[in-house]
Amino acid sequence: METLHELLLRRHSIRRYEDKPISADDVTTILQAALLAPSSKSVRPWQFVVVDDKEVLARLAECKANGNRPIAACSLAVVVCATPEKTDMHIEDMSIAAAYMQLQATALGLGACWIQVRNRFTADGQDAEDVVRELLGIPHDYIVECIVTIGHPNEERRPVDPEKLLWEKVHLQKWTAEE
Ligand SMILES: Cc1cc2nc3c(=O)[nH]c(=O)nc-3n(C[C@H](O)[C@H](O)[C@H](O)COP(=O)(O)O)c2cc1C
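All of the points below concern the structure found in this document.

So, how was this worked out
- Each chain carries its own residue numbering, running from 1 in the written order of its sequence.
- Per-residue local features of the predicted model are confined to residues with pLDDT of at least 70, and side-chain atom pairs are confined, for both listing and counting, to 80 or more; whole-chain, interface and lining totals are unaffected and use all residues.
- Hydrogens and waters are ignored; side-chain quantities use all the structure's heavy atoms.
- The patches described consist of residues with a relative accessible area above 30% and no salt bridge, like charges being joined within 9 Å and nonpolar side chains (Val, Leu, Ile, Met, Phe, Trp, Tyr) within 5 Å.
- Only the protein chains shown count as cover for residues, and the accessible areas themselves come from Shrake-Rupley with a 1.4 Å probe.
- By salt bridge we mean one thing: a side-chain nitrogen of Lys or Arg within 4 Å of a carboxyl oxygen of Asp or Glu.
- Under the scheme used here, helices are H or I runs from DSSP no shorter than 4 residues and strands are E runs no shorter than 2 residues, and both carry numbers assigned from the N terminus.
- Think of it in three bands: with a 1.4 Å probe and only protein chains considered, a residue is buried below 20% of the maximum accessible area for its type, exposed above 50%, and partly exposed in between.
- Residue contacts follow a heavy-atom distance rule, with two residues in contact if any of their heavy atoms lie within 4.5 Å.
- Only heavy atoms are used to decide nearness, and a residue is near a molecule or strand if one of them lies within 4 Å of it.
- What qualifies as a polar contact is a pair of N or O atoms within 3.5 Å, subject to a donor-acceptor requirement within protein and to the restriction that residues adjacent in sequence count only when both atoms come from side chains.
- Under the grouping applied here, Gly and all other residues not named as nonpolar or charged are polar, the nonpolar ones being Ala, Val, Leu, Ile, Met, Phe, Trp, Tyr, Cys and Pro and the charged ones Asp, Glu, Lys and Arg.

Nonpolar side chains collect at one region of the surface, where Leu165, Trp167, Val170 and Leu172 lie side by side and expose about 460 Å² of accessible area between them. Relative to the assigned elements, Val170 resides in the segment after strand E4 (143-151). In this structure Val170 comes out as partly exposed when scored by relative accessible area, which is 42%.

In structure tokens form, the structure reads like this:
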């Protein structure tokens, strides 16, 4: 069985997918991963909108000008949103849930990618969050952090070589300046 370490080395953003649905069991497992994510004070401020309708995915993809292609190509998109009313840690909470879903999808042999929505814009300057909220009926007081796109991989990515990790980012006992 694959260890967590092996999974972390193997996980990559996968942006190309086969035109093939994801099994209901896998969808459930991925959503369980989101719902299992820890949140500050266990407030769980997030909501997840699950989309597999190809027409809606194509329209969702228009929410931003760049880095949006996986949305139209994927079999399943999970829109991650949360209300800041319940906590000031909503961004962190949403981010952890999104990362959990990506890891779970990878563990299932699927591919996933984080598509940023917050602070992103359409080609003509419209706020991507407004586009997504309007399309999916998400209340206006909800922040839309990202869309996790998921599908059967149609590209190969090599696991990370642990020898190439950036150990210069790690400071022991106190900060050491990079040379
Ligand atoms: C906060 C965040 C925002 C991202 N936004 C996008 C995006 O909008 N579109 C995209 O194709 N990839 C996006 N990515 C994926 C990154 O480009 C990717 O994680 C990075 O290049 C490292 O590659 P890896 O995931 O294969 O290790 C995002 C990742 C993170 C963590």
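Next, the rest of the story.
On to the environment of Ala73. Position of Ala73 relative to the elements: it lies in helix H4 (residues 69-73). A C-alpha to C-alpha distance of 30 Å links Ala73 and Ser39, two positions 34 residues apart in sequence. If we skip the residues at most four places from it in the chain, Ala73 touches Arg15, Tyr17 and Lys54.

The immediate surroundings of the ligand are formed by Arg11, His12, Ser13, Arg15, Lys64, Gly67, Cys113, Trp114, Ile115, Gln116 and Arg157. Within the side chain of Ser13, a nitrogen or oxygen atom sits 2.5 Å from an oxygen atom of the ligand. A distance of 3.2 Å is found between a nitrogen atom of the ligand and a backbone nitrogen or oxygen belonging to Trp114. Computed on the free molecule, the ligand has an accessible area of 620 Å², of which 59% lies beneath the protein chains in the complex. When grouped by side-chain class, the residues that make up the shell around the ligand number three nonpolar, four polar and four charged.

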